[in-house]
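# Residue-level structural notes
The lines below spell out each chain.
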Amino acid sequence: MLKLYQFPISHYCEKARWALELKELPYRKVNLLPGPHVKKAKKIARNSKLPILQHGKNTVQGSAEIITYLDQNFTRRSLTPEHPGQKKLAEAWESYADREIGPSVRLLSYHTLLDHRNLVIPMMTQDCPWYSELMMKAAYPKVAESMRSMMKINDDTAEKARQQISTALDNIAETLGDKEFLIDDTFTRADLSVAALLAPLIMPQGYGIDWPEETPEPLASQIAGFQDRLGWVGHIYDNFR
Ligand SMILES: N[C@@H](CCC(=O)N[C@@H](CS)C(=O)NCC(=O)O)C(=O)O
């Protein structure tokens, strides 16, 4: 049995969900609440970060490690290219997305959303036990403050994140040209990772979360500024998620 410890809202967890679902592997989601997740995560893995996959006696922490584990243990619909050069390139794109895109998208999104508890609490507690929303409402001021401080979220870092996303989108467009995929002519972990980590900017259905009906400012305008370069992410979601 495969068990995924995750946050429904997290785009790193989305990478793992996507890989599991693309490979058509049955798995059970264990949704954790930000805050109380620390105790559970540290009990089963090295640190508090999600996603964590459990498979029998094996525990795998980290979205890239999970994709590698799944490709090694379930060969159906491999996401890692076999050719060593392409494999290296796919892993380099994934690592770039994990380091540069994921944290920037998260910081920019939370910079606005943390000011809107009515929007963010339902996303944080989606598909969690019934009492989670009550718990989160009570703990919210502390949770929001500690998230701002842990991720160093402020106006300056949000502007840096916006610029970093813009640079990443230019790099992606330049690599793609008129191609469909980042590596040759196959959908790989590179496309999955880049698209999943940019997904909060297009809020796709397949992600599995109820996105807010309206995006508050300044996030809405920041996303609008990327719109002309986000078409590929939508295409990848429409066709491969
Ligand atoms: N490199 C990791 C990053 C995972 C990550 O940053 N997870 C965040 C959620 S988006 C998390 O669990 N944060 C809570 C914590 O660090 O305790 C991966 O790819 O899985």
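Residues numbered from 1 in each chain as written. Predicted model: local features only at pLDDT ≥ 70, side-chain atom pairs only at ≥ 80, totals over all residues.

### Things to note about the overall build of the protein chain
- If you tally the helices and strands in the protein chain, you get 10 helices and four strands.
- Reading the protein chain from its N end, one meets helices and strands in the order β-α-β-α-β-β-α-α-α-α-α-α-α-α.
- In summary, the protein chain has a C-alpha radius of gyration of 18 Å against a globular reference of 18 Å for 241 residues, a match within 12%.
- With the C-alpha coordinates of the protein chain rotated into their principal frame, the extents come out at 50 × 45 × 25 Å.
- The 241 residues of the protein chain split such that 35% are buried.
- Sequence separation of at least 24 residues holds for 71% of the intrachain contacts in the protein chain that already meet a minimum separation of 6. (Helix = DSSP H or I, 4+ residues; strand = E, 2+ residues; numbered from the N terminus. Rg over C-alpha atoms; globule rule 2.2 N^0.38 Å. Buried ≥ 20, exposed ≤ 12 C-beta atoms within 10 Å, placed from the backbone. Contact = placed C-beta atoms within 7 Å.)

### Quick look at the domain arrangement of the protein chain
- The domain architecture assigned to the protein chain consists of domain 1 (2-73) and domain 2 (84-240).
- Averaged C-alpha coordinates put domain 1 and domain 2 at centres separated by 18 Å.
- At the interface, 15 residues of domain 1 touch 26 residues of domain 2.
- Mapped onto the side of domain 1 that touches domain 2, the elements with two or more residues apiece are helix 1 (11-22) and helix 3 (63-73).
- The biggest single contributor to the side of domain 1 that touches domain 2 is helix 1, with seven residues.
- Residue classes in the side of domain 1 that touches domain 2 are distributed as nine nonpolar, three polar and three charged. (Domains from an automatic or database assignment. Nonpolar A, V, L, I, M, F, W, Y, C, P; charged D, E, K, R; others polar.)

### A few points about helix 1
- With 12 residues, helix 1 extends 16 Å between its outermost C-alpha atoms, agreeing within 8% with the 16 Å of an ideal straight helix rising 1.5 Å per residue.
- Burial runs high along helix 1: 10 of the 12 residues are buried.
- Every buried residue of helix 1 is listed here: His11, Tyr12, Cys13, Glu14, Lys15, Ala16, Arg17, Trp18, Ala19 and Leu20. (Expected span 1.5 Å × (residues − 1).)

### Quick look at the site of the ligand
- In the vicinity of the ligand, 13 residues are found, and the nearest of them are Ser10, Tyr12, Ser48, Lys49 and Ser63.
- Elements supplying a minimum of two residues to the shell around the ligand: helix 3 and helix 4 (84-113).
- Here the shell around the ligand is composed, by residue class, of six nonpolar, four polar and three charged. (Near = placed C-beta within 6 Å.)

### Examining helix 3
- Turning to helix 3, its buried residues are Ser63, Ile66, Ile67 and Leu70. Buried residues of helix 3, viewed axially, fall in a sector of 100°; they line one side. (Arc of directions from axis to C-beta.)

### Some words on the pairing of strand 4 (residues 58-61)
- In this structure, strand 3 (residues 52-55) lies alongside strand 4, joined through four bridges in antiparallel fashion. The partner of His55 across the bridge, within strand 4, is Asn58.
- Connecting strand 3 to the next strand, strand 4, in antiparallel fashion are two residues, including Gly56 with a positive phi near 55°. (Pairing = 2+ DSSP bridges.)

### A word on the environment of Ala196
- You can see Ala196 is positioned in helix 8 (residues 189-198).
- As for Ala196 and His11, which are separated by 185 residues in sequence, their C-alpha atoms are 6.0 Å apart.
- Those residues in contact with Ala196, other than ones at most four positions away along the chain, are His11, Glu14, Lys15 and Trp18.

### Describing the nonpolar core
- Ala19, Ile101, Val194, Ala195 and Leu198 are the most contacted members of the largest nonpolar core, which totals 58 residues.
- Each of two domains, domain 1 (2-73) and domain 2 (84-240), supplies a minimum of three residues to this core.
- Apart from the residues lying within four places of it in its own chain, the contact partners of Ile101 are Ile165, Ala168, Val194, Leu197 and Leu198. (Core = buried A, V, L, I, M, F, W, Y, C linked by C-beta atoms within 7 Å.)

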